[in-house]
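Each chain is listed here by its residues.
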Amino acid sequence: MWRYAIEEGRTVSGVEVIGRWLLPEDVDRAVQPLLVGKALRAFADGYVAVLLPAYLLALGFGTLDVGILSTATLLGSALATLAVGAWGHRFHHRRLLLGAALLMLGTGLSFASLSAFWPLLLVAFVGTLNPSSGDVSVFLPLEHARLAESSQGTARTALFARYSLLGALFAALGALASGVPQLLVATLGIEQLTAFRVMFVFYGIVGGAVWLLYLSLPAPEHEVEAPLALPLGESKGVVVRLALLFSLDSFAGGLAINALMALWFFQRFDLSLLAAGNFFFWAGLLSAVSQLIAPKVAERIGLVNTMVLTHIPASLCLIVAAFVPSLELAFALLFMRALLSQMDVPVRSAFVMEVVTPAERAAAASFTAVPRSLASAISPTIGGAMFAVGWLAAPLVACGILKIAYDLMLWKAFRRHDQRA
């Protein structure tokens, strides 16, 4: 079934063909499971971000509760990522990734079986749910460090672009799958709440599939011989500066995470769950396209310029979308934002890996991700509170203004990097 061709006297399997498509040249093929795992996790995250507010509203919670639970998920991810940065260098990345996958399995099954606020809050805090459009989980620094080790130079930027592309593409497909509960209710006649729970069970199943996938990652023959990363040292100064800037960007982004944007659509335009899923699907596809072309743009104008010059127009679109009177105009502006706002994701990851020493990459990935997660954890509660008092435009406007401020400060601090490059 998997036989594909004869090449230089040997058979080439379908798995090898997929690997060649996924990975740029001069990249260690052992990282292929990380890209496939990223795609699976992104699919599950894509529909959870849309379903989470609808599920919580169906359980009888209010908009403020949605914000609080979203905050708990991001805060828990931040602390887990901080632990990886502080102590993760003592363990092989394979063991930590397998543990994270089992945590994802437990998160989905627990969320599907609980109804009370405090147990759900606990699971949200310790689990892996992601209500945002980007990956903020403990998987991120572990995978970034391994990807950076497997490639160099332009191949590294291309690898991060494909990693981000898979995430954006499958998150879009996951957003489309958020309409499945509505279809289950219409076709099978089951209760809506039961249909929601089925989707969270499937989230747990995806975690189990990721665990099986990560079993194929290379393991050290002896744990003591595993190459260990180092805590931050020589690169500490630049990492601190980046972490502070990224935290501002993430705080702003937390005001307009997918879960809150879905809630905004529900309240502002009375959008159905199926229509919201369709919107996030097309927005995700546009985001995927942007990340595919990001390396080419970065090659022409530099990493920092790519991050800044695509972000500012995206933020302006978000601000204007907060006030337009029609759903069609809002869709058009937010689609334009989707095409531009995520172009910095693979470029930013490659930039962080480039400006630190190789031994510090795992710690740098963690310590730039942690402030981002902590900052973004605070803002969903603020956004939910604004929605609760009827200030529907305020979170979107604040998000756009703060992101523009971040872009200007980032360009001022690191613009000379592109000139040196």
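Residues numbered from 1 in each chain as written. Predicted model: local features only at pLDDT ≥ 70, side-chain atom pairs only at ≥ 80, totals over all residues. Heavy atoms only, no water.

Concerning the overall build of the chain
Filter applied, for reference: Where helices and strands are cited, they refer to DSSP runs of H or I of at least four residues and of E of at least two residues respectively, numbered from the N terminus. Burial classes: relative accessible area under 20% of the type maximum marks a residue as buried, over 50% as exposed, and values in between as partly exposed (1.4 Å probe, protein chains only). By the convention used here, residues are in contact when the closest approach between their heavy atoms is within 4.5 Å. The method behind every accessible area is Shrake-Rupley, applied with a 1.4 Å probe, and residues are considered shielded solely by the protein chains displayed.
When you go through the chain residue by residue, the secondary structure sums to 17 helices and 2 strands. Taken over 421 residues, the chain has a buried fraction of 56%. Long-range pairs, those at least 24 residues apart, make up 84% of the contacts in the chain between residues at least 6 apart in sequence. Of the accessible surface of the chain, which amounts to about 17,500 Å², a share of 67% is contributed by carbon and sulfur atoms.

A look at the pattern of salt bridges
Rules: Each reported salt bridge corresponds to a side-chain nitrogen of Lys or Arg within 4 Å of a carboxyl oxygen of Asp or Glu.
Summed over all chains, the structure comprises 2 salt bridges. E143 serves as the salt-bridge partner of R41, at 2.8 Å between the closest nitrogen and oxygen. Of this pair, R41 sits in helix 2 (residues 32-58) while E143 sits in helix 6 (residues 139-149), and the two are 102 residues apart along the sequence. Taking the relative accessible area as the measure of exposure, R41 reaches 2% and is therefore buried. You can call E143 buried: its relative accessible area is 0%. Note that K403 is salt-bridged to D249, the shortest N-O span being 2.7 Å.

Some points on the packing of aromatic side chains
To keep it simple, the criterion reads: Any two rings among Phe, Tyr and Trp, with Trp reduced to its six-membered ring, count as a pair given centres within 6.5 Å; such a pair is stacked if its planes are under 30 degrees apart, edge-to-face if over 60, and tilted if neither.
Evaluation of the coordinates by the stated rule reveals 19 aromatic pairs. Ring centres 5.7 Å apart and planes at 65° place the aromatic pair F61 and F117 in the edge-to-face group. A residue pair is termed long-range when its members are at least 10 positions apart, and F61 in the loop between helix 2 and helix 3 (63-87) and F117 in helix 5 (residues 117-126) qualify at 56 residues. With respect to class, F61 is no different from F117; both count as buried.

Topic: unusual backbone geometry
We note that D270 has phi near 55°; this positive angle belongs to a residue other than glycine. When you line up the elements, D270 lands in the loop between helix 11 (258-269) and helix 12 (273-301).

Remarks on the environment of A80
Mapped onto the elements, A80 comes out in helix 3. Under the relative-accessibility criterion, A80 is labelled partly exposed at 30%. Sequence separation of A80 and F139 is 59 residues, and the distance between their C-alpha atoms is 9.7 Å.

Concerning the confidence of the model for the chain
Quick note on the threshold: Every residue is assigned a pLDDT by the predictor, reflecting its confidence on a scale from 0 to 100.
On average, residues of the chain carry a pLDDT of 80, and 81% of them reach 70 or more. Helix 9 (residues 192-214) holds the highest mean pLDDT among the elements of the chain, 94, whereas strand 1 (residues 3-7) holds the lowest, 43. Counted against residues more than four places away or in other chains, residues 1-15, with its pLDDT under 50, gives 23 contacts. Throughout residues 222-229 the model reports pLDDT below 50, and contacts reaching past four residues in sequence, or to other chains, amount to 11 contacts.

Brief notes about the packing of helix 2 against helix 6
Keep this limit in mind: The convention used is that axes are lines fitted to C-alpha atoms, helices contributing only their stretch in contact, and that angles between N-to-C directions extend from 0 to 180 degrees. Here roughly perpendicular refers to angles of 65 to 115 degrees, roughly parallel to angles under 35, roughly antiparallel to angles over 145, and oblique to all remaining angles. Each helix crossing is assigned a hand: it is left-handed if the near helix lies turned anticlockwise from the far helix by less than a right angle, otherwise right-handed if that turn is clockwise. Classes in brief: Ala, Val, Leu, Ile, Met, Phe, Trp, Tyr, Cys and Pro nonpolar; Asp, Glu, Lys and Arg charged; the others, Gly included, polar.
Where helix 2 contacts helix 6, the two axes come as close as 11 Å, and the packing angle between them is 155°. Classified by the interaxial angle, the pair formed by helix 2 and helix 6 is roughly antiparallel. Read as a crossing pair, helix 2 and helix 6 show a hand that is left-handed. Contacts between helix 2 and helix 6 pair L34, L35 and R41 from the former with F139, E143, R146 and L147 from the latter. Classifying every residue of the contact of helix 2 with helix 6 by side-chain character gives 4 nonpolar, no polar and 3 charged.

Comments concerning the nonpolar core
Inclusion rule: Here the nonpolar core consists of buried residues drawn from Ala, Val, Leu, Ile, Met, Phe, Trp, Tyr and Cys, with membership extended through side-chain atoms lying within 4.5 Å.
Counting 109 residues, the largest nonpolar core has F111, W264 and F265 as its most contacted members. A per-element tally of this core places helix 2 first, with 12 residues. In this view, W264 contacts F269, A321, A322, A330, L334, F387, L392 and L396; residues no more than four positions away in its chain are not counted.

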